[in-house]
Number of protein chains: 2
Amino acid sequence: MIFRQFFDHESSTYTYLIAERMGGEALLIDPVKSNVDQYMHSIGEMEMKLVLAVDTHIHADHVTGLGDLRHATGCASAMGEMSNTECVSIHFKEGDKLKVDNLRLDVLYTPGHTDDSYSFVLPDRVLTGDTLLIRGTGRTDFQNGDPADQYDSLFDKLLRLPDKTLVYPAHDYNGMTVSTIQEEKLFNPRLQVANKQAYVELMNGLQLDNPRLMDVAVPANRNCGLKSAA
Amino acid sequence: MIFRQFFDHESSTYTYLIAERMGGEALLIDPVKSNVDQYMHSIGEMEMKLVLAVDTHIHADHVTGLGDLRHATGCASAMGEMSNTECVSIHFKEGDKLKVDNLRLDVLYTPGHTDDSYSFVLPDRVLTGDTLLIRGTGRTDFQNGDPADQYDSLFDKLLRLPDKTLVYPAHDYNGMTVSTIQEEKLFNPRLQVANKQAYVELMNGLQLDNPRLMDVAVPANRNCGLKSAA
């Protein structure tokens, strides 16, 4: 498997390029519009065919590259069925599988950060979007976020994956690139709460500024990062 | 194996934390002085014992954390036998093995970026310092760097590792975190030269500014990042 993690310095976003092999099909998860040329270069030099570009949810902190990638390559684009957008060609739901040659990514619906947040599971790793971060969790105070839903997504879904599962989030602000389910169970300060009510109180007590790009990014991302209707 | 890659935003340095298991021994490679608290936090929460801190070479772009880590933990510190420093407790050479519980890292001497540059080989991956970068190679124009030596280090040592070997460099400036030997053979523009002479001409033709911190970092790093004699 080819599994490449790209870091966007401006928004601290991780984008993932996944393929079974050079020369085969490729999948991009959470591409950033301003870095589309970099992804295209990597895909081109490995002679891969981009078949699908996916967002884990409608992002508020960067503009998605889904639309530009579709225009450039003709790839399919996808968000979850809960994403309020008509700009993608596929809407996935829990239980679906994203296919890239012989690879299969299982779709989990993991709301809480937003009501359209999804995670993607491979045999040894999970891409957790903004639901589970390294030693953190995604904020729950806008875009129909809900800390009680996030608690369920974390404790009933993601943390039930095998302890050794590698955790690849959509962001990190501290220079960390990967973790494991075991480490997050043990050391993530937000996961040490006694129960769901304590988690809700913890998350509702956070006083966070809105993301700098939110008023630009959310409307743009509902349109796959393109200015006009797609 | 626990294998953690930390990114230093200021100098674009990757630092690696390697251990066989939680609760066991730990090794740090290329620690950055200003991030020592972060490494100590990770090591502490996983209840690991830092047994060794290593620099791949004397860095010119950031100050090493070797001295601070030794003071904080009593760990051994190591650089290669070619590093002109008395501040470390161990000098390794090609053919040596760095031991962390049951893990073994094979030492390769890979001069060229500097005359004290080493790489470390695990069964499925190699830490290449500044010798082999993702789609690049370390500059060879100071600290006894030598493009002909670097050509030999690259073509006679690193590129002879199995194609699937994962490549973890000491820096990346473009948001990439990992590559493979195969990818670098095929796509690294500096490795597409016809012969050693062409590589020497390519490297000697680069017009690069000195690293911003060079005048501070090199003397400091000869003393393990400490102000007074260690």
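This text gives an overview of the structure that appears in the document. (Residues numbered from 1 in each chain as written. Chains lettered and ligands numbered in written order. Predicted model: local features only at pLDDT ≥ 70, side-chain atom pairs only at ≥ 80, totals over all residues. Heavy atoms only, no water.)

**Some remarks on the pairing of strand E5 (residues 76-80) of chain B**
All names here are of chain B.
Okay, so step 1: For E5, the buried fraction is high: four of the five residues fall into the buried class.
Okay, so step 2: Across three bridges, strand E4 (residues 49-54) lies against E5 in parallel orientation. Looking at E5, one finds that Val-54 is bridged to Ala-78.
Okay, so step 3: Once the chain exits E4 it traverses helix H2 (residues 66-73) before rejoining the sheet at E5, and the crossover so formed is right-handed.
Okay, so step 4: In this structure, E5 lies alongside strand E6 (residues 90-92), joined through three bridges in parallel fashion. Its bridge partner being in E6, Met-79 is matched across the sheet by His-91. (Buried < 20%, exposed > 50% of the residue type's maximum accessible area, 1.4 Å probe, protein only. Helix = DSSP H or I, 4+ residues; strand = E, 2+ residues; numbered from the N terminus. Pairing = 2+ DSSP bridges. Right-handed = clockwise from strand over helix to strand, strands pointing away.)

**Section: helix H3 (residues 147-157) of chain A**
Residue and element names in this part refer to chain A.
Okay, so step 1: Among the residues making up H3, those that are buried are Pro-147, Gln-150, Tyr-151, Ser-153 and Leu-154. Looking straight down H3, one finds that the buried residues subtend no more than 165° of arc, so they occupy a single side.
Okay, so step 2: At its buried positions, H3 is contacted by strand E8 (103-109), strand E11 (132-133), strand E12 (136-137) and helix H5 (196-204).
Okay, so step 3: N-capping of H3 is provided by Asp-146, with a side-chain oxygen placed 2.8 Å from the backbone N of Ala-148. (Arc of directions from axis to C-beta. Contact = heavy atoms within 4.5 Å. Polar contact = N/O pair within 3.5 Å; in protein donor to acceptor, adjacent residues only side chain to side chain.)

**Observations concerning the sheet that holds strand E10 (residues 125-129) of chain A**
Residues and elements named next belong to chain A.
Okay, so step 1: Here we have six strands laid out as an open sheet, ordered E7-E8-E9-E10-E13-E14, and mixed in their pairing. In this open sheet, the two strands that pair with only one neighbour each are strand E7 (97-100) and strand E14 (179-180).
Okay, so step 2: Here strand E9 (residues 118-122) pairs with E10 via three bridges, running antiparallel. Bridging from a neighbouring strand, Leu-122 pairs with Arg-125 of E10.

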